[in-house]
Every structure is written in structure tokens, then in C-alpha cells.
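What follows is the residue order along each chain.
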Amino acid sequence: MSHFSFEDILQAEAALRPYLPETPLVQSYYLGDPDHKFYFKLESMQHTKSFKIRGALNKMLSLTEEERRGGVAAVSSGNHGISVSYAARLLGIKKAEIVVPETTPRSKIEKIEYFGGHVRLMGQNYDEAHRQGMEFIADSGLTFIDSCHDDPKIYGGQGTAMVEILRRNPDIDTVVVPIGGGGLATGTAVAAKALKPDIRVIAVQTAACPAMIHAYRDQVCYEEYPTTGSTICDALVGGVGVLAYEMLKDYADLLLEVSETAIGRAVVFMLEKEKIVAEGAGAIAAAAVLEHPEIFTGRHTALMVSGSNIDGALLRQLQAEC
């Protein structure tokens, strides 16, 4: 297993500072009360509309000139691919091949192409895309940019969002973060505990694909995991990263499952009440508060809004249903 520590996060912050502005931390108008305040960390306001740019760019800044000339490749449910595509353009890397599932929302494919990446549709879900994509990448000569498996450069980049949270508001005593592959959750948890050991870290997953929760229940690292039924959290499905599986349990205080119904309602709540656009994965922290209010007893809670790349048609559907 690769070694990952808070030092990787500090190095990532120094590397990313010239390229990425700090994203806002804004107080909720509608959650909480005078004694319990909630704050949204708006990673949805990154230029790529998700936190994934932190890890992707941090990794790509470390590539040699030869690796940059040869090009890069990624397997993604969408947001990581957008970030790799954008980072390639930012760094002058002329070739970026992005493998995504055939079910990827059109809005995410359009952003990958907008930034100059070449999209390859493979498989009916993320796990199938990953298997097929890794075969393609192995034969391509391109440098693979991991999303969550075990690269400390990726995890270090993702953890920088938590550094910004506590720098902006040192009173934060609870942070709620989504779990997909586990890079953001693990990076966030490691940074949080290093900077403020008594902070509470709550990591949340959709009930449609609780891969990490079940991995710990079964004591098996599920690098692939099926999705049950339909989901609006395409960014959170599939298996978990090996490094995340090995580390998150030692840093997170609670792993929580959230229903798809609550996530849909949270997307609409964020838009109509808070005036924040969030995709399903980006709204899952707010959904956890709406569905399990009894858990959130902290006085200052940060909710990670991880992305806003949601299809307009889905957004309109959710508004009609909720």
C-alpha cells in the first residue's frame, strides 16, 4: 500500500496554490438554529465544477516532461475526467484520453470535450468502464491519472479542501463528506484530524451503492461494487480505493448511509432554498442532515458540496417530483 500522510496534503496545497483559488465556505440560510450552524464548502464552484481538480492537478504537476509529452489517460464517472482534461489544457499536455461509462450524463461528457479531452465510452457502469479502460490504457503508452485507488498525490490534493475549511473557520467541529472511491473522504479526514484532533468526521454514502460501509462490515476491500436500483449519484458508485479502505476507518468517526430519496430532496432544497446548484453527490452531505438530524449535534458543521455537474433534465425531473 502507498504511504499517505498530512505532509502529502501540505505539499499539495503549496503546489496547487498558484493554480486554484480557494473555494467559498458559506453559512446555510435554512439548516440549523442559533446554536447549531451549518456551512457549505462550495467545491461546486471550482472551474471544473467539482473537487476532483485538486487531486488531478496535483498529480499532473508531478509528471516529468517526457510523461507530459506522451499524454495522460483517466477512467472516470465524469468529474475526474473533466478535471484531468482541464489540467491537461492548463499544463499544455496535448493528449488526454478519458474513459467513461456509456451511462455518463451528457453534461459531463460535454465538459470533458470542452476542455480538450477525448472521450471513450466503455461499459454500462463505472466498474465495467474501469476494467475495459485499464486494458486500453495499459496498451496506450499514456500515463494513468488515478482517481482514488492508491496514489498519495491524488489523496493529498483532495485533502486540501479541508485545510481551507479550518483556515476560514477554525470553530468547525464537524465535517460531513461524501464517499465514492474514498479519496476525498480520506484526504478530508486525515487533514481534519491532523489540524484539529477532536473534530468529528462523518463520511456518507448513497444507499444505492454503500461500497465502503459494506467493505468494513465484510472486511473485504470491494474494488468493484454493484449499484442497486437507480441512482442520481453517478459520482459515488462503484468500488472503493485500496488506500481509502486501509485508512478511512482510522480517521472517520462515523460512516453513514443516505437514501436516494433524501438525496433527491436535498438537490432541490439546495437549489430552491440555498440557491446552490449541486449534483447528487454534491448534495449528499445536506441530505444526511435532512434525513438524520439527530446525529448533527455539533455547533459548527461543514458540509462538503463536492460538485455541481448535474444534467438540466434530471434537475427539472427532481423539482417536479419533490
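Shown above is the structure to which this text applies.
The notes below deal with the structure included here. (Residues numbered from 1 in each chain as written. Predicted model: local features only at pLDDT ≥ 70, side-chain atom pairs only at ≥ 80, totals over all residues. Heavy atoms only, no water.)

Focus on the overall build of the chain
Rules: Counting from the N terminus, the helices are the DSSP runs of H or I reaching at least four residues and the strands are the DSSP runs of E reaching at least two. The contact definition used throughout considers only heavy atoms, calling two residues in contact when any of these lie within 4.5 Å. Only the protein chains shown count as covering a residue, and every accessible area follows the Shrake-Rupley method with a 1.4 Å probe. When charges are counted, Lys and Arg are positive and Asp and Glu negative, with His and the chain ends excluded. A single reference atom marks each charge: NZ on Lys, CZ on Arg, CG on Asp, CD on Glu.
Counting its secondary structure elements, the chain contains 13 helices and 10 strands. Referenced to the eigenvectors of the C-alpha coordinate spread, the extents of the chain come out at roughly 55 × 45 × 40 Å. Long-range pairs, those at least 24 residues apart, make up 75% of the contacts in the chain with a sequence separation of at least 6. Taken as a whole, the chain presents about 12900 Å² of accessible surface, with 49% of it coming from carbon and sulfur. One finds the centroid of the 30 positive side-chain charges in the chain at a distance of 6 Å from the centroid of its 41 negative side-chain charges.

Observations regarding empty space enclosed by the protein
Where we set the bar: Using a 1 Å grid laid over the protein atoms alone, points where a 1.4 Å probe fits but cannot get out form a cavity; open sets with protein on both sides within 12 Å along at least 5 of 7 lines form a pocket; any residue with an atom within 4 Å of a point counts as lining. Grid points are joined across faces, edges and corners, and a volume is the space filled by probe spheres set on the points. Residue type decides the class: Asp, Glu, Lys and Arg count as charged, Ala, Val, Leu, Ile, Met, Phe, Trp, Tyr, Cys and Pro as nonpolar, and the leftover types, Gly among them, as polar.
Within the structure shown, the criterion is met by one cavity of 30 Å³ or more. Its volume calculated, the largest cavity comes out at about 310 Å³. Around the largest cavity, the lining is made up of 27 residues, and of these F51, K52, G180, G181 and A235 lie nearest the centre. Looking at the lining of the largest cavity, the elements that each hand over two or more residues are helix 4 (79-91) and helix 8 (183-195). Considering every element that reaches the lining of the largest cavity, the biggest residue donor is helix 8, with three residues. The residue inventory of the lining of the largest cavity, partitioned by class, reads 12 nonpolar, 13 polar and two charged.

What to know about the sheet that holds strand 3 (residues 72-75)
Two pairing modes exist for strands in a sheet, parallel and antiparallel, and in both the strands are linked by backbone hydrogen bonds. Filter applied, for reference: Strands pair, by our definition, only if DSSP identifies at least two bridges between them. Angles shown run from 0 to 180 degrees and are taken between the N-to-C directions of axes, each axis being a line fitted to C-alpha atoms and, for helices, limited to the stretch in contact.
Spatially, four strands are ordered 5-4-3-6 in an open sheet, and the strand pairing comes out parallel. Only two strands of the sheet have a single partner each, and these edge strands are strand 5 (118-121) and strand 6 (143-144). Against the sheet, helix 5 (residues 106-114) engages strand 4 (96-100) and strand 5, with an angle of about 145 degrees to strand 5.

Re the nonpolar core
Our working rule: By nonpolar core is meant a set of buried Ala, Val, Leu, Ile, Met, Phe, Trp, Tyr and Cys residues that side-chain atoms within 4.5 Å join together. Buried residues are those whose accessible area, probed at 1.4 Å on protein chains only, stays under 20% of the maximum for their type, while exposed residues exceed 50% and partly exposed ones sit between those limits.
Within the largest apolar cluster, 66 residues are counted, with the highest numbers of intra-cluster contacts made by M60, V72, V84, M162, M212 and L248. With seven residues, the single largest contributor to this core is helix 7 (residues 152-168). The residues contacting L248, other than those within four sequence positions of it, are I179, A185, T186, A189, M212 and Y216. Core analysis: the second largest hydrophobic core is formed by 36 residues, L42, V204, L236 and V268 among them.

Some thoughts on the sheet that holds strand 2 (residues 37-42)
Reading across from one edge, 1-2-10-7-8-9 is the order of the six strands in this open sheet, with mixed pairing throughout. If you trace the sheet from one side to the other, it starts and ends with strand 1 (25-27) and strand 9 (254-258), each paired once. On average, adjacent strands in this sheet sit at an angle of 25 degrees to one another, irrespective of strand direction. Here strand 7 (residues 174-178) pairs with strand 10 (residues 300-305) via three bridges, running parallel. Bridge pairing in strand 10 places T174 opposite T301. Against the sheet, helix 9 (residues 211-218) engages strand 8 (200-206) and strand 9, with an angle of about 125 degrees to strand 9.

Here we look at the packing of aromatic side chains
Formally: In this analysis, rings of Phe, Tyr and Trp, with Trp reduced to its six-membered ring, are considered paired at centre separations within 6.5 Å, and the interplanar angle assigns stacked below 30 degrees, edge-to-face beyond 60, and tilted for intermediate values.
Summed over the entire model, instances satisfying the criterion amount to seven aromatic pairs. Among the aromatic residues, those joined into a ring-pair cluster are Y86, Y114 and F115.

Description of the environment of I213
In this fold, I213 is placed in helix 9. Between the C-alpha atom of I213 and that of T143, which follows or precedes it by 70 residues, the distance is 31 Å. Not counting chain neighbours up to four residues away, the residues in contact with I213 comprise Q205, L255, L256 and E257.

Here we look at the layout of surface pockets
Of the voids in this model, the largest pocket is the one considered here, and its volume is about 380 Å³. T231, I232, E260, L314 and L318 are, among the 21 residues lining the largest pocket, the residues nearest its centre. Put simply, the parts of the chain that give the lining of the largest pocket at least two residues each are helix 11 (260-274) and helix 13 (312-321). Here the lining of the largest pocket is built from residues that sort into six nonpolar, eight polar and seven charged. Volume-wise, the second largest pocket comes out at about 220 Å³. In this structure, the second largest pocket is lined by 16 residues; those nearest its centre are Y126, H130, H149, E223 and V240. The element best represented in the lining of the second largest pocket is helix 6 (residues 126-138), accounting for five residues.

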